[in-house]
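Summary of structural features
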Amino acid sequence: MRLLRWLASLDRRIIYALVLIVTIIPLIWKSSPPIEISPEVQAAYNSIDKVPGGGIVMFSIDYDGASEAELGPMLLAMLRHCFSRNIRVIMTAQWPLGLPLGQLALDSAAAEYHKVYGQDYVNLGYRPGQNALMVGLGKSGFREYFLRDYRGVMIDSFPFMRTVHNYGQIDRLVGLEAGSSGDLWVQYAGAQFGLRIILGVAGVMATSMYPYLDAKQIDGLVGGLRGAAEYETLIKHPHRGVWGMNSQSYVHVLIVILVILGNLTFYFERRAKKRGPGARGQGSREPQPRNAGAPEGAVVPKAQPQKPS
Amino acid sequence: MLGTIISTWIAATLTIAILSFLYKDNPLYRFAEHLYVGVSAAFTVVIFWYQDVWPLLVGNFGDFLRAGNKLEAWILIVPAILGILMWTRFVPKIAWVSRIPLGFIIGIGAGLGITGTIHGLVLPQLKSTMLPLVNPAGELGFGHGVLFVIIVTVLSYVLLFRRVTRNNQSWATFWSILTGLVLYVVLINILKVSWLRTALSVIAADNLIIVIAVIATILYFYFSREHKGLFGVGSRIGIAAIMVSFGASFGYTVMARVSLLIGRCYFLINDWVLKGIVAPLRHIF
């Protein structure tokens, strides 16, 4: 009982500290746990793998710093996959704060594979009005919306951009989503213009994207840090996603243990209350006297028969 | 190099300041919180100005005039005026004027949304829900197991355990599910009763579960009739399907939140401690 009482009154900060310790220790070792590839991530990988060398993949950065921990590793892994296959990349952002995050990842991946800005990749920047933009890029073309890149340079000054007019020249769109932009890409660019889409989404919204995968509206789905780890495994380049998986597993084990302990504590506490002499009447099925709980000498009114409603 | 180290130290300090809230509320946390909100808002304004307003409005106006496209240049006045009208919200007397650009935005959203939703959501999802329920060449999968356990659980609950446990719902449910699981393992996996396996495999179990769950969920959201009798059973199956979906979302949400913590811890260990502290110290000594 003493243990139960201690568990029931456990300071939440001890739990935070436990979670922190369990998260940090595996990150120091940076080990790679065995990762099983799910069909949806494999499908995403295969879809990009089928783009011929020199083809164009467009990335839409639709997240900000709050989701970077999940979507950043995903973006980096997909960019590495594209650059390793000499696929050219066009980047845009539907979230203003996604623009610098996308550019940082582009710079990092491009440096690894010796890719040149304007020749192998371009960042078009951010434009507001996402659904109008998505329809407009298919109908009116890129120049109606992105005459210049994010630095203000005319996009026609980049050789490979001269051949890009609308979605017809884009082989795949990779949407990295922390909000509703993924739905809009599927509903506007995918359904109306036949653009083939791969979605990489934050874990919170992964389940809501599976219907698109089942309906074959998207080629593949990469969900959360786990999806990023799978993609890193597929491109044989373990990084933040894979290294985070050990922490992820251990924290989950800790959470399960804490849930079990919490439920056991609750169960035994309730049982003790039922059995305890001081707790008579609290949850007990025995009939109680009418004046139970009332102060001594108090006048207790008679129970009134309830009127039928 | 020095710039990177300084920015890493600032980021690490702010990360720790935010995490310090887990211990208790404190001025350092408040400062970091307000700084985060302020910087995000300011950054968004800067992006809007330099990425959109300046090049698309001012830049294009000059470009079009220089190219002799006077009509295209002066038509930019229309979005500029609409944008300015939004600011009338700050003047209560003429705040109603801001409804004009808002109406414009909502009109575009609704117009695009109708076709987008029908073409991109309703029709493809309807099509993907119209699934074959029989699959003669099918093999046993996870869905068949779920279907078998559900069928045995429901039958054993109704025919046996409800009476045996004298209508104690908790125990009846527990024993029914256990029976379903045990019979599945024994009959399908250990004894491998061939007629049962064949009968099960003919059913497209995954499709059947999807169809039942979709119909039952729609029934749950039909409020024009009391949820009683057969309708009530359907609605209960619907709420079970919704709960399964919520459970999956919750699982992913826990994973997502842990991922955020992992991201920050990775930054603190890798970028701050190793690159921001250990590496410069090594360089010095």
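These lines cover the structure that appears in this document, whether it is placed above or below.

Focus: the interface of chain B and chain A
- On the side of chain A, 56 residues touch chain B, which itself brings 45 residues to the contact.
- Sorting the residues of chain B by area buried against chain A places Gln-51, Tyr-252 and Tyr-266 of chain B first, and these three jointly supply 16% of that buried surface.
- Joining chain B to chain A, the criterion identifies 2 salt bridges.
- For the salt bridge of Arg-127 of chain A with Asp-52 of chain B, the shortest nitrogen-to-oxygen distance reads 3.3 Å.
- The interface formed by chain B and chain A contains 14 residue pairs in polar contact (both at pLDDT 80 or more).

Structural notes on the sheet that holds strand β6 (residues 220-223) of chain A
All names here are of chain A.
- Strand order in the open sheet formed by 6 strands is β3-β2-β1-β4-β5-β6, with parallel pairing between adjacent strands. This sheet does not close on itself; its edge strands, each paired only once, are β3 (121-126) and β6. Pairs of neighbouring strands in the sheet enclose a mean axial angle of 15°, with direction left out of account.
- Here 5 bridges tie strand β4 (residues 172-177) to strand β5 (residues 197-201), and the two strands are oriented parallel to one another. Bridging from a neighbouring strand, Val-174 pairs with Ile-198 of β5.

Regarding the nonpolar core
- Judged by nonpolar contacts, the single largest core of 77 residues is most densely connected at Phe-59, Leu-75, Leu-79, Ile-90, Met-161, Leu-176 and Tyr-231 of chain A.
- The dominant element in this core, judged by the number of residues it contributes, is helix α4 (residues 68-84) of chain A, at 9 residues.
- Setting aside residues up to four positions removed in sequence, Leu-75 of chain A forms contacts with Phe-59, Ile-61, Tyr-63, Met-91, Leu-101, Gly-102, Ala-105 and Leu-176 of chain A.
- Counting 16 residues, the second-largest nonpolar core is a separate cluster that includes Leu-225, Trp-243 and Leu-254 of chain A together with Val-258 of chain B.

Re the packing of helix α2 (residues 12-29) of chain A against helix α10 (residues 240-275) of chain A
Residues and elements named next belong to chain A.
- Packing of α2 against α10 brings their axes to within 7 Å, and their N-to-C directions diverge by 150°. Between α2 and α10, the crossing angle belongs to the class labelled roughly antiparallel. The two elements α2 and α10 meet at a crossing, and its hand is right-handed. Here α2 contributes Ile-15, Leu-18, Val-19, Val-22, Thr-23, Pro-26 and Leu-27 to the contact with α10, which in turn contributes Trp-243, Gly-244, Asn-246, Ser-247, Tyr-250, Val-251, Leu-254 and Leu-258.
- Broken down by class, the residue content of the contact of α2 with α10 amounts to 11 nonpolar, 4 polar and no charged.

As for a nonpolar patch on the surface
- Together, Met-86, Trp-87, Phe-90, Val-91, Ile-94, Trp-96, Ile-100, Phe-104, Ile-105 and Ile-108 of chain B make up an exposed nonpolar region whose accessible area comes to about 1100 Å².
- By the secondary structure assignment, Ile-105 of chain B is in helix α5 (residues 99-129).

Concerning the side chain of His-144 of chain B
All names here are of chain B.
- Here His-144 is to be found in helix α6 (residues 142-164).
- For His-144, a relative accessible area of 8% gives the class buried.
- A distance of 3.3 Å separates the side chain of His-144 from the backbone oxygen of Leu-200, its partner in a polar contact.
- The residues contacting His-144, other than those within four sequence positions of it, are Glu-139, Leu-200, Ser-201, Ile-203 and Ala-205.

Quick word on empty space enclosed by the protein
- This structure, assessed with the given rule, holds 2 cavities of 30 Å³ or more.
- Empty space within the largest cavity amounts to approximately 50 Å³.
- Elements that contribute at least two residues to the lining of the largest cavity include exactly α4 of chain A together with α10 (229-284) of chain B.
- In terms of residues, the lining of the largest cavity owes the most to one element, α10 of chain B, which gives 4 residues.
- Of the residues assigned to the lining of the largest cavity, the class counts are 5 nonpolar, 2 polar and 1 charged.
- By volume, the second largest cavity is sized at about 30 Å³.

Regarding the packing of α4 of chain A against helix α9 (residues 224-234) of chain A
All names here are of chain A.
- Packing of α4 against α9 brings their axes to within 8 Å, and their N-to-C directions diverge by 20°. It follows that α4 is roughly parallel to α9 by the angle criterion. In the packing of α4 onto α9, the handedness of the crossing is left-handed. In this structure, α4 uses Ala-69, Glu-70, Pro-73, Met-74, Ala-77, Met-78 and His-81 to contact α9, whose residues at the interface are Gly-224, Leu-225, Ala-228, Tyr-231 and Glu-232.

What about unusual backbone geometry?
- Of note in this structure, Asn-86 of chain A is not a glycine but carries a positive phi near 55°.
- Residue position: Asn-86 of chain A is located in the loop between α4 and β2 (88-93).
- Residue class for Asn-86 of chain A comes out partly exposed when judged on its relative accessible area of 47%.
- At Lys-192 of chain B, a residue that is not glycine, the phi angle is positive and equals roughly 50°.
- Relative to the helices and strands, Lys-192 of chain B is located in the loop between α7 (169-190) and α8 (194-202).

Regarding the side chain of Ser-181 of chain A
- Mapping Ser-181 of chain A onto the fold places it in helix α7 (residues 181-193).
- When residues no more than four places from it in sequence are discounted, the contact partners of Ser-181 of chain A are Asp-62, Gln-94, Trp-95, Gln-130 and Met-134 of chain A.

Here we look at the packing of aromatic side chains
- Going through the model one piece at a time under the given rule, you end up with 22 aromatic pairs over all chains.
- Taken together, a centroid distance of 5.4 Å and an interplanar angle of 80° make the contact between Trp-9 of chain B and Trp-272 of chain B edge-to-face. Residue Trp-9 of chain B is located in helix α1 (residues 2-19), and its partner Trp-272 of chain B is located in helix α10; the two are separated by 263 residues in the primary sequence.
- A relative accessible area of 37% means that Trp-9 of chain B is categorised as partly exposed.
- Accessibility expressed as a relative area gives 17% for Trp-272 of chain B, which makes it buried.
- Aromatic side chains Phe-221 of chain B and Phe-223 of chain B sit 6.4 Å apart centroid to centroid with 85° between the ring planes, which places their arrangement in the edge-to-face category. Taken individually, Phe-221 of chain B and Phe-223 of chain B each receive the classification exposed, so the pair is uniform in this respect.
- Taken together, the ring pairs in this structure connect Phe-83, Tyr-117, Tyr-121, Tyr-150 and Phe-158 of chain A into an aromatic cluster.
- Sitting over the face of the ring of Tyr-23 of chain B, Arg-13 of chain A holds its NZ or CZ atom 4.8 Å from the ring centroid.

Quick look at α5 of chain B
- Maximal helix bending in α5 of chain B amounts to about 40°, located at Thr-117 of chain B.
- Taken together, the buried positions of α5 of chain B are occupied by Pro-101, Leu-112, Gly-113, Gly-116, Gly-120, Pro-124, Gln-125 and Ser-128 of chain B.
- Of the surrounding secondary structure, the elements contacted by the buried residues of α5 of chain B are α6 (130-139), α7 and α8 (210-214) of chain A together with α4 (77-85) of chain B.

Cut-offs applied
- Residues numbered from 1 in each chain as written.
- Chains lettered and ligands numbered in written order.
- Predicted model: local features only at pLDDT ≥ 70, side-chain atom pairs only at ≥ 80, totals over all residues.
- Heavy atoms only, no water.
- Contact = heavy atoms within 4.5 Å.
- Buried area = accessible area lost by both parts, 1.4 Å probe.
- Salt bridge = Lys/Arg side-chain N within 4 Å of Asp/Glu carboxyl O.
- Polar contact = N/O pair within 3.5 Å; in protein donor to acceptor, adjacent residues only side chain to side chain.
- Pairing = 2+ DSSP bridges.
- Helix = DSSP H or I, 4+ residues; strand = E, 2+ residues; numbered from the N terminus.
- Axes fitted to C-alpha atoms, helices over the stretch in contact; angles between N-to-C directions.
- Core = buried A, V, L, I, M, F, W, Y, C linked by side-chain atoms within 4.5 Å.
- Buried < 20%, exposed > 50% of the residue type's maximum accessible area, 1.4 Å probe, protein only.
- Parallel < 35°, antiparallel > 145°, perpendicular 65-115°, else oblique.
- Left-handed = near helix turned anticlockwise from the far one by under 90°.
- Nonpolar A, V, L, I, M, F, W, Y, C, P; charged D, E, K, R; others polar.
- Patch = residues over 30% accessible without salt bridge, like charges linked within 9 Å, V, L, I, M, F, W, Y side chains within 5 Å.
- Areas by Shrake-Rupley, 256 points an atom, 1.4 Å probe, with all protein chains shown as cover.
- 1 Å grid on protein atoms, 1.4 Å probe; cavity = no way out; pocket = protein on both sides within 12 Å on 5 of 7 lines; lining within 4 Å.
- Points joined across faces, edges and corners; volume = space filled by probe spheres on them.
- Phe/Tyr/Trp six-rings, centres within 6.5 Å; stacked < 30°, edge-to-face > 60°.
- Lys NZ or Arg CZ within 6 Å of the ring centre and 35° of its normal.
- Bend = angle between axes of the 7 residues up to and from the residue.

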